[in-house]
Amino acid sequence: MPSNVAEPYRIKMVEPLVMHTRDERQQAIEKAGHNTFLLKSKMCYIDLLTDSGTSAMSDRQWSAMMVGDEAYAGAVSFDRLEAAVQNSYGLPFVVPTHQGRGAEHLISLILIRPGMHVPGNMYFTTTRAHQELAGGTFHDVIIDEAHDPSAQHPFKGNVDIDEFTALIDEVGAENIAYINVALTVNLAGGQPVSMANIEAVRRVCDEHHIIMWSDATRLAENAWFIQQREDGYRDTSCADIVREMLSHFDGLTMSGKKDCLVNIGGFLAMRDESIFTKARELVVLYEGMPTYGGLAGRDLEAMAVGLVEATDDAYLTHRIGQVTYLGERLQEAGVPVVQPIGGHAVFLDALRFLPHLSQDDLPAQSLAAELFVASGVRSMERGIVSAGRDAEGNNRHPKLELVRLTIPRRVYTDRHMDVVADAVIDLHRNAERIRGLEFVYEPPTLRFFSSRFQPKA
Ligand SMILES: *Cc1c(COP(=O)(O)O)cnc(C)c1O
């Protein structure tokens, strides 16, 4: 697999970075309650908090923004987005939303009635929150390997077909709102789903008349893994693989902030006209008119160009090659990371990184804070804090306790990846000094965004 191929672009505009002192960073993390979400971005030398909305746009995207049609209704910018989605994704109906969760909100309201069940290949924070708000119950039907950070599987994001059919037997197909298949699976470590698995899910859905939806947020990255790993796809372009994957789905929610290479935006796309009609009714209430969905015309233009650029083979080879390069440098130095390395991020296995801490010491939260203080690299927790509490109010204990080093698209160079690798390797050598954390403030929902912590005594 190609690792560390040179960037297939040159840099036309730069944003200076400042390296602060360790003392300044120590003060900053204390002020932020040891939560990297609460840090000022200017304190971060390399910001790997997220790949969401942090992409660098191309010259073509910036020039498309200049011709954005800002009319309240009937804007031509919507027509261009619709045409791009129809051409690249093969789905006829498009409803823009301000970002992915806007689309999740609408589809949850449309398809879920209280008491219904929603299987999916691992949860995602905002997705599950919207399913639950609509009265649904999420069921994780991802294959077991996904929960084991060292299990080797080329498609660790796959749906476990037996678990899916067992759920259908248990609750009845009529009580399943839809199955939500994420391409790739963020919380499993950016792991892909194979074409064969997508086809198998489709067969079950056809047999039981279940709607097959996709969280298509990182579908281009998923396509690249199919091209590299699945028999018969070596000579197929990622753009064609994207269309083939989506040919099996009834519709999708998209966070444009990832694989549409924009800083803001999202949409719903679908085949069924009655779902489309309901989405158009609801979008007016929650987002904006169906031709802008809470976005400016220029945002629709940037998304229309970006969703095509994101499926380019050379772009994807460098993109995932850069992530792989960082992961391999860490692996070679003995740092425990989730394997295989996923599409958008390298995930540190905090339980093995900090074996002297238990999960209730919030080891991933603590490791993210320490990495920032040591190096100015900002990462985020994906473990017990992100998993939140269950309906009874008890802490969920997810099997994965991870720190996510998420690589923005087209933003950092491979040299920056070396800086990150050196910092993590150094921290790993001195890991026994890292203490656990405890909550001092915890909000009722999506607690990872705003909780505050202090070091455990
Ligand atoms: C980011 C993300 C979302 C939500 O999208 P937003 O644009 O942040 O609202 C949904 N699903 C997955 C897998 C994501 O990574």
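None of the values given here were measured: they were computed from a predicted structure.

**Points about the nonpolar core**
Next, step 1: Judged by nonpolar contacts, the single largest core of 60 residues is most densely connected at Tyr89, Phe164, Ile179, Leu219, Met245, Leu252 and Phe267.
Next, step 2: Per-element tally for this core: the top contributor is helix α8 (residues 219–229), with 6 residues.
Next, step 3: The residue makeup of this core includes at least three contributed by each of domain 1 (22–51 + 312–455) and domain 2 (59–309).
Next, step 4: If near-sequence neighbours (up to four positions away) are discounted, Met245 is found in contact with Leu183, Met195, Ile198, Leu219, Asn222, Ala223 and Ile226.
Next, step 5: Formed by 34 residues, the second largest nonpolar core is a distinct cluster that contains Ala368, Leu371, Tyr412 and Ala421.

**A closer look at the site of the ligand**
Next, step 1: What surrounds the ligand is a group of 15 residues, the closest being Gly100, Arg101, Asp215, Ser255 and Lys258.
Next, step 2: Take Ser255: an N or O atom from its side chain is 2.6 Å from an oxygen atom of the ligand.
Next, step 3: Note that an oxygen atom of the ligand is positioned 3.1 Å from one of the side-chain N or O atoms of Lys258.
Next, step 4: When the free accessible area of the ligand is taken as 370 Å², the share hidden by the protein chains comes to 96%.
Next, step 5: Looking at the shell around the ligand, the elements that each hand over two or more residues are α4 (100–111) and α5 (125–133).
Next, step 6: Here the shell around the ligand takes 3 residues from α4, the largest share from any one element.

**Looking at the packing of aromatic side chains**
Next, step 1: Considering all chains together, one arrives at 8 aromatic pairs under this definition.
Next, step 2: Measuring from centroid to centroid gives 5.6 Å for Trp224 and Phe225, while their planes differ by 75 degrees, and the two rings are edge-to-face. Each member of the pair, Trp224 as well as Phe225, is classed as buried.
Next, step 3: Three or more aromatic residues link up through ring pairs in this structure, and these residues are Phe37, Phe448 and Phe449.
Next, step 4: The ring of Phe448 carries Arg382 above its face, with NZ or CZ at 4.6 Å from the centroid.

**Description of the domain arrangement of the chain**
Next, step 1: By domain assignment, the chain separates into domain 1 (22–51 + 312–455) and domain 2 (59–309).
Next, step 2: Its C-alpha centre places domain 1 at a distance of 26 Å from the equivalent point of domain 2.
Next, step 3: Across the contact, 33 residues belong to domain 1 and 40 residues belong to domain 2.
Next, step 4: With both chains or domains summed, domain 1 and domain 2 bury close to 2,800 Å², and 52% of this area falls on carbon and sulfur atoms.

**Quick word on the sheet that holds strand β12 (residues 402–406)**
Next, step 1: Reading across the sheet, the 3 strands line up as β9-β12-β11 and stay open at both edges, with antiparallel pairing between neighbours. Each edge of the open sheet carries a strand with a single partner, namely β9 (345–349) and β11 (380–382). Taken pair by pair, the neighbouring strands of this sheet meet at an average axis angle of 35 degrees, ignoring direction.
Next, step 2: Both β11 and β12 contribute to a ladder of 3 bridges, which runs antiparallel. Pairing of Arg382 across the sheet is with Leu402, part of β12.
Next, step 3: Sheet contacts for helix α14 (residues 363–375): β9, β11 and β12; angle to β12, the most-contacted strand, approximately 40 degrees.

The rules behind each value
Residues numbered from 1 in each chain as written. Predicted model: local features only at pLDDT ≥ 70, side-chain atom pairs only at ≥ 80, totals over all residues. Heavy atoms only, no water. Core = buried A, V, L, I, M, F, W, Y, C linked by side-chain atoms within 4.5 Å. Buried < 20%, exposed > 50% of the residue type's maximum accessible area, 1.4 Å probe, protein only. Helix = DSSP H or I, 4+ residues; strand = E, 2+ residues; numbered from the N terminus. Domains from an automatic or database assignment. Contact = heavy atoms within 4.5 Å. Near = heavy atom within 4 Å. Polar contact = N/O pair within 3.5 Å; in protein donor to acceptor, adjacent residues only side chain to side chain. Areas by Shrake-Rupley, 256 points an atom, 1.4 Å probe, with all protein chains shown as cover. Phe/Tyr/Trp six-rings, centres within 6.5 Å; stacked < 30°, edge-to-face > 60°. Lys NZ or Arg CZ within 6 Å of the ring centre and 35° of its normal. Buried area = accessible area lost by both parts, 1.4 Å probe. Pairing = 2+ DSSP bridges. Axes fitted to C-alpha atoms, helices over the stretch in contact; angles between N-to-C directions.

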